[in-house]
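# Descriptive analysis of the structure
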Amino acid sequence: MPCLPTTELLMSVREGIEIGYCPQCRGVWLDRGELDQLIRRAEQAVHAEAKAEFDARREHAQRKKSFLGDLFDFD
C-alpha cells in the first residue's frame with residue numbers, strides 16, 4: 001500500500017543514528033552517510049564477536065594444553 005503524501009514519518013534513534021520511517025508502509029529513510037555508518041557498526045560488531053570467539057577458543061586450548069602438561073609432566 002503506497003503512503004499518502006500526508007503521512008508523517010516517525011523518528012527513531014538507533015546507536016546514535018536518527019532513522020525516519022513510515023508507520024504505514026514501513027519504509028525507512030536515512031540521511032546521507034547514515035547507511036555507511038550502520039554498515040560500519042555492523043561490521044565492527046561482527047569482527048568483535050569473531051575475535052571474542054577466537055580468544056575464548058584459544059584460551060580453552062591453552063587451558064587444555066596446560067592440564068595435559070600437568071598431567072603428563074611436559075610443557
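Quick look at the structure, then. Remember, predicted model here, so these are calculated numbers, not experimental data. (Residues numbered from 1 in each chain as written. Predicted model: local features only at pLDDT ≥ 70, side-chain atom pairs only at ≥ 80, totals over all residues. Heavy atoms only, no water.)

### As for the pattern of salt bridges
Oppositely charged side chains may form a pair once their charged atoms are brought near each other. Selection criterion: By definition here, a salt bridge exists when the distance from a side-chain nitrogen of Lys or Arg to a carboxyl oxygen of Asp or Glu is within 4 Å. Every helix listed is a DSSP run of H or I at least four residues long, and every strand listed is a run of E at least two residues long, numbered separately from the N terminus. Accessibility here uses a 1.4 Å probe with only protein chains present; expressed as a share of the type maximum, an area under 20% marks a residue as buried, one over 50% as exposed, and anything in between as partly exposed.
Using the criterion set out here, one finds 3 salt bridges in the structure. For lysine 51, the salt bridge goes to aspartate 55, with nearest N and O atoms at 2.8 Å. With a gap of 4 residues between them, lysine 51 and aspartate 55 both fall in helix H1 (residues 34–72), about one helical turn apart. Note that arginine 57 and glutamate 53 form a salt bridge whose closest N and O atoms lie 3.0 Å from each other. Of this pair, arginine 57 and glutamate 53 both sit in helix H1, separated by 4 residues, roughly a single helical turn. A residue is classified by how much of its surface remains accessible, and arginine 57, at 59% relative accessible area, is exposed. Exposure remark for glutamate 53: the relative accessible area of 41% places this residue in the partly exposed category. Each of Lys51, Asp55 and Arg58 takes part in a single network of salt bridges with overlapping partners.

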